[in-house]
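Coordinate inspection notes
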Amino acid sequence: MKPKAALAAAADQVNRRDAIARARQEAADKLVELQGFRAGLDAERARVAAQTGPARFLAMQLGTDAETVIRWLVALLVLLIDPSAVVLTIAAARRD
């Protein structure tokens with residue numbers, strides 16, 4: 001009776017070790033997947049930071065937030081570019 005119990009206990013330990021090894025491998029695979037996802041997010045964050053760097057610098061110099069600076073820059077572009085488009089349209093119309 002004891003040899004059967006010992007064999008059963010050994011088989012149970014082997015099954016537990018296999019289950020632990022599978023769980024460990026699944027966790028390692030998930031970790032690699034999450035690290036890849038994080039690397040992608042870090043790259044996107046760096047790209048966005050590089051694009052918004054000048055606006056943030058200007059906002060820091062003016063003592064305001066970047067969104068306000070961007071709104072003012074867009075307003076300036078509209079005020080400066082739109083009149084020139086109107087003038088060019090009038091000039092083109094007079095040539096005809």
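Please read all numbers here as calculations on a predicted model, not as lab measurements.

**With respect to the overall build of the protein**
- Secondary structure assignment for the protein yields 2 helices and 0 strands.
- In terms of C-alpha radius of gyration, the protein reaches 33 Å, well past the compact-globule figure of 12 Å for 96 residues.
- Taking the principal axes of the C-alpha coordinates as reference, the protein spans close to 110 × 40 × 15 Å.
- Taken across its 96 residues, the protein has 3% of its residues classed as buried.
- Accessible surface for the protein amounts to roughly 8700 Å². Of this, 66% is attributable to carbon and sulfur atoms.

**A few points about a nonpolar patch on the surface**
- A contiguous nonpolar patch, built from Leu58, Leu62, Leu73, Leu76, Leu77, Leu80 and Ile81 and spanning about 670 Å² of accessible area, is present on the exposed surface.
- Tallying contributions element by element places helix H2 (residues 66-95) first for the nonpolar patch, with 5 residues.
- You can see Leu73 is positioned in helix H2.

**Structural notes on the pattern of salt bridges**
- Per the stated rule, a full pass over the model turns up 4 salt bridges.
- When the shortest N-O distance is used, the salt bridge between Arg47 and Glu44 registers 2.5 Å. Of this pair, Arg47 and Glu44 both sit in helix H1 (residues 2-62), 3 residues apart, which is roughly one turn of the helix.
- For Glu44, a relative accessible area of 38% gives the class partly exposed.
- A salt bridge links Arg71 to Glu67, with the shortest nitrogen-to-oxygen separation between them at 2.6 Å. Here Arg71 pairs with Glu67, and both are found in helix H2, just 4 residues apart, close to one helical turn.

**With respect to H1**
- Compared with the 90 Å implied by 1.5 Å per residue over 61 residues, the 84 Å span of H1 between its first and last C-alpha is a close match.
- Gly63 sits one or two residues past H1 and shows a positive phi near 75 degrees.

**A few points about the packing of H1 against H2**
- H2 packs onto H1 with a crossing angle of 105 degrees between their chain directions and a minimal axis gap of 8 Å. With respect to H2, the element H1 is oriented roughly perpendicular. Counting all contacts with H1, which are made through Ala55, Arg56, Leu58, Ala59 and Leu62, the residues of H2 involved are Ala66, Val69 and Ile70.
- For the contact of H1 with H2, the class distribution of residues is 7 nonpolar, no polar and 1 charged.

Conventions adopted
- Residue indices begin from 1 for each chain and proceed along its sequence in written order.
- Local features in this predicted model are restricted to residues whose pLDDT is 70 or higher, and side-chain atom pairs enter the listing and the counts only when it is 80 or higher, whereas totals over whole chains, interfaces and linings include all residues.
- Side-chain calculation: all heavy atoms of the structure are included, whereas hydrogens and water are not.
- The way it works is that DSSP assigns letters per residue, a run of H or I at least four long becomes a helix, a run of E at least two long becomes a strand, and they are numbered from the N terminus.
- Note on method: radius of gyration uses C-alpha positions; expected globular size equals 2.2 Å times residues raised to 0.38.
- Buried residues are those whose accessible area, probed at 1.4 Å on protein chains only, stays under 20% of the maximum for their type, while exposed residues exceed 50% and partly exposed ones sit between those limits.
- Computed with the Shrake-Rupley method and a 1.4 Å probe, the accessible areas treat only the protein chains shown as cover for residues.
- Like charges are joined within 9 Å and nonpolar side chains (Val, Leu, Ile, Met, Phe, Trp, Tyr) within 5 Å, but only among residues with over 30% relative accessible area and no salt bridge; these make up the patches.
- A pair is scored as a salt bridge if a Lys or Arg side-chain nitrogen falls within 4 Å of a carboxyl oxygen belonging to Asp or Glu.
- The length a helix should cover is 1.5 Å for every residue beyond the first.
- The angle between two axes is taken between their N-to-C directions and runs from 0 to 180 degrees, where each axis is a line fitted to C-alpha atoms and a helix contributes only its stretch in contact.
- Should an angle fall under 35 degrees it is called roughly parallel, over 145 degrees roughly antiparallel, and 65 to 115 degrees roughly perpendicular, with every other angle called oblique.
- By definition, residues are in contact when any of their heavy atoms lie within 4.5 Å.
- Residue polarity is assigned by list, with Asp, Glu, Lys and Arg as charged and Ala, Val, Leu, Ile, Met, Phe, Trp, Tyr, Cys and Pro as nonpolar; anything else, Gly included, falls into the polar class.

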